[in-house]
Structure formats: structure tokens, C-alpha cells
Amino acid sequence: MPLVFVLIWSTGFVVAKFGLPYAPPLTFLLLRFVGVLLVLLPLVLLMRAPWPVGQMRHIAFAGVLLQAGYLAGVWCAIKLGMPAGLSALIVGMQPILTAFAAPLIGESVRPRQWLGLALGLCGVGLVVAAKISLVGLSWQSIALCLMALLSITLGTLYQKHKCAHFDLRTGTLIQFAASTAVLLPFAIFYEHLNLTLDTVQWTPRFIGALLWSILALSIGAIFLLFALIRKSAATQVTSLLYLTPPTTAVMAWLMFGEVFSLMGIIGMVVAVCGVAFVVKK
């Protein structure tokens, strides 16, 4: 399950590369969230999935952090000129932040895991080092990326502490409904979103990216993430995100012909070793 999660989650940057040229970031995300609701709502009703009574507000709040805050921060930062390599490095700090905050939810981090977290961060740095550029950098893009980092960290910890156990079908539906409600006014105000969707170019590439983001990322990967949060410590789960930049680099090499250096290959090995230190029982 962790391997499948990493493979699917790593396609997020590829989807952004396919989709962002054809739609503003918040508009794309809203279409993605609404698509998830249209898929899940009939399933929830037909299967009579149980609703998490007494947990809805916790699940909704965690969802806003994990979905709206994280995704909107990263996508808007990239749209404003933040290099993908630098955004990956900033968001890659999440496992370290999670480890520092783990005692707040009753989890401890062993010395071997701290070593693994440090190795993982070094590995991510080596992988993205060649792709980091300061061209087009602004305080707005940096702030958005930091917001994304804090959102996914707090969202993971909050869900692990307050509502780790819920039906994935209804819980995911609640989270995406809450995220849609939060992002909608921002998309209307900043991107002039309207019912005609005239800011979207419905190209085959955009439609493919949208469908993949709905079915694979927002349903498949999120279901796997929630299942991992339910059964594992927060630090162990977030350490898997160290494997995202190396996996994305391989995908970019296969799909777009992007090259990576010997340093990048070494970074992949270091990141994998770091994750192994963290997740090993």
C-alpha cells in the first residue's frame, strides 16, 4: 500500500504540468473537487455508507487543510513563478515538522527515525538541487508554498489525533465538500470564475489531467493516505513523501525527457535509505 501511494501521489506534479496551462489553479482544483463529489455521492447513497456522527466538523477541518490549503498553496505558487524544484524542497520539510510536533499527539520519534528524516531531507535536496532556480521568485509564491507546507502538516496531525477512524467514503465526501466551499469564493474573486467556465480550455490534455486528478489522486491516493494515517504513526506516513521528488523525477524523465544528474541519482538512494530508517519497526 505505501508503494502504490507513493507512485500515485508522485503524479501530482505531472498533472500540474499538463493541466495548469489550460486553467487557472483554483478553477482547476474546484473542477477536481466537484468531480470527486459527483463520483462519491452516488456511491455513498447506493452503498448506504455510514456517516461519521460527531466527527464531521473535525473531518471537514482536516480536509480543508489537506486539500484546499495544501493544493491551492502549491499550485498557486507554481503559477506565480515558483520553480517546481524549490516548491518540492519546501514542502519536503513536512516530515521534519511532523516529527517535531509528534509529541503533541502522543507519538515519539526514536533516534534512528531522526537520522532517517535527516537523510530523507538531504536526499530530496540532492534530487531537486539541479532544478532549483530563483528566477521569478516572489514573496507571494514563497508565502503560498509555506502555507501549503503548514496546511498538510497540521492536517495530517489533526486528522491522526482527532478523527483517524471514519468511513473513507463519507469522510472523503465531507472533506471535499468543505474544501469546495472554502475555495469557491477565492476562485470567483481572483480568477473571475463563472458558470460558463470561459477561463478553461477544454483540450484533450486538460481533460485527461482532470480525470486522472479526480480518480487517481483525489480518490485513490487520498483513500490510501487516510488508510495509512489510520494504521501508522504520523511521522512514518509523512516520511513516505520524501520518495515523491525522486519518483516524480523518474516520471518526468520517462514522459518529458527531463534529465537528472548523478547527484540526483545519489539523492534518490539517500532518500530511500532515510525512509527505510523511519518506517522500520
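Refer to the structure printed above.
Scoring rules and cut-offs
Within any chain, residue numbers begin from 1 and follow the written order of that chain's sequence. In keeping with the model being predicted, local features are shown solely for residues with a pLDDT of at least 70 and side-chain atom pairs are shown and tallied solely at 80 or more, while totals for entire chains, interfaces and linings include all residues. The side-chain quantities take in all heavy atoms of the structure and omit both hydrogens and water. Strands are runs of DSSP state E lasting at least 2 residues, helices are runs of H or I lasting at least 4, and numbering of each runs from the N terminus. In what follows, a disulfide is any cysteine sulfur pair within 2.5 Å. The classification of residues rests on relative accessible area computed with a 1.4 Å probe and restricted to protein chains. Under 20% of the type maximum is buried, over 50% is exposed, and intermediate values are partly exposed. The definitions used throughout rest on a 1 Å grid laid over the protein atoms alone, on which a cavity is an enclosed set of points accommodating a 1.4 Å probe that cannot get out and a pocket is an open set flanked by protein within 12 Å on both sides along at least five of seven lines; lining residues are those having an atom within 4 Å of a point. Grid points are joined across faces, edges and corners, and a volume is the space filled by probe spheres set on the points. Residue type decides the class: Asp, Glu, Lys and Arg count as charged, Ala, Val, Leu, Ile, Met, Phe, Trp, Tyr, Cys and Pro as nonpolar, and the leftover types, Gly among them, as polar. Here, expected helix span is obtained from the residue count minus one, scaled by 1.5 Å. Ring geometry is summarised as follows: Phe, Tyr and Trp rings, the Trp one being its six-membered ring, pair when their centres sit within 6.5 Å, and such pairs are stacked at plane angles under 30 degrees, edge-to-face over 60 and tilted between the two. In this scheme, patches are assembled from residues that exceed 30% relative accessible area and form no salt bridge. Like charges are connected within 9 Å, while nonpolar side chains (Val, Leu, Ile, Met, Phe, Trp, Tyr) are connected within 5 Å. Throughout, the Shrake-Rupley method with a 1.4 Å probe supplies accessible areas, and for residues the shown protein chains are the sole cover considered. Just to be clear on terms, a salt bridge is a Lys or Arg side-chain nitrogen sitting within 4 Å of an Asp or Glu carboxyl oxygen.

Visitor: Explain the environment of Leu 41 to me, please; I cannot follow it from the model alone.
Guide: Mapped onto the fold, Leu 41 is located in helix H3 (residues 25–47). Through-space distance from the C-alpha of Leu 41 to that of His 165 is 20 Å; in sequence the pair is 124 residues apart.

Visitor: Which parts of the structure should I look at to understand the state of the cysteines?
Guide: By definition, a disulfide is the covalent link that joins the sulfur atoms of two cysteine residues. On inspection of all chains with the given rule, the structure shows zero disulfides. Here Cys 145 is not cross-linked by a disulfide; its sulfur's nearest cysteine counterpart is in Cys 76, at 11 Å. Here Cys 145 falls in the buried class, since its relative accessible area comes to 0%.

Visitor: Got a minute to help me understand the layout of surface pockets in this structure?
Guide: If a probe as big as a water molecule is rolled over the atoms, it shows which places are left empty. The volume enclosed by the second largest pocket comes to roughly 330 Å³. Taken together, 16 residues make up the lining of the second largest pocket; nearest its centre are Leu 26, Ala 72, Cys 76, Leu 144 and Phe 186. Counting residues per element, the ones that place at least two in the lining of the second largest pocket are H3, helix H4 (56–79), helix H8 (139–162) and helix H9 (168–191). Broken down by element, the residue count for the lining of the second largest pocket peaks at six residues, all from H4. Of the residues that constitute the lining of the second largest pocket, the class distribution is 13 nonpolar, one polar and two charged.

Visitor: I tried to follow H3 on my own but got confused; where do I start?
Guide: In an α-helix, one turn spans 3.6 residues; hence positions three or four apart end up facing the same way. Taking 1.5 Å of rise per residue, the 23 residues of H3 would be expected to cover 33 Å, and the 33 Å separating its terminal C-alpha atoms lies within 8% of that figure. Positive phi appears at Arg 48, one or two residues downstream of H3, with a value of about 50°.

Visitor: Explanation requested: the packing of aromatic side chains in the structure shown.
Guide: Two aromatic rings, taken as a pair, are described by how far apart their centres are and by the angle between their planes. Per the counting criterion, the structure on display carries 10 aromatic pairs. Ring geometry for Phe 189 versus Tyr 190: centroids 4.9 Å apart, planes at 90°, classification edge-to-face. The burial state of Phe 189 is the same as that of Tyr 190; both residues are exposed. Among the aromatic residues, those joined into a ring-pair cluster are Phe 28, Trp 75, Trp 202 and Phe 206.

Visitor: How should I be thinking about a nonpolar patch on the surface in this particular structure?
Guide: A cluster of nonpolar residues, Val 39, Leu 43, Leu 46, Met 47 and Leu 215, forms a patch on the protein surface that exposes about 490 Å² of accessible area. With four residues, the single largest contributor to the nonpolar patch is H3. Within the secondary structure, Val 39 is located in helix H3. Here Val 39 falls in the partly exposed class, since its relative accessible area comes to 32%.

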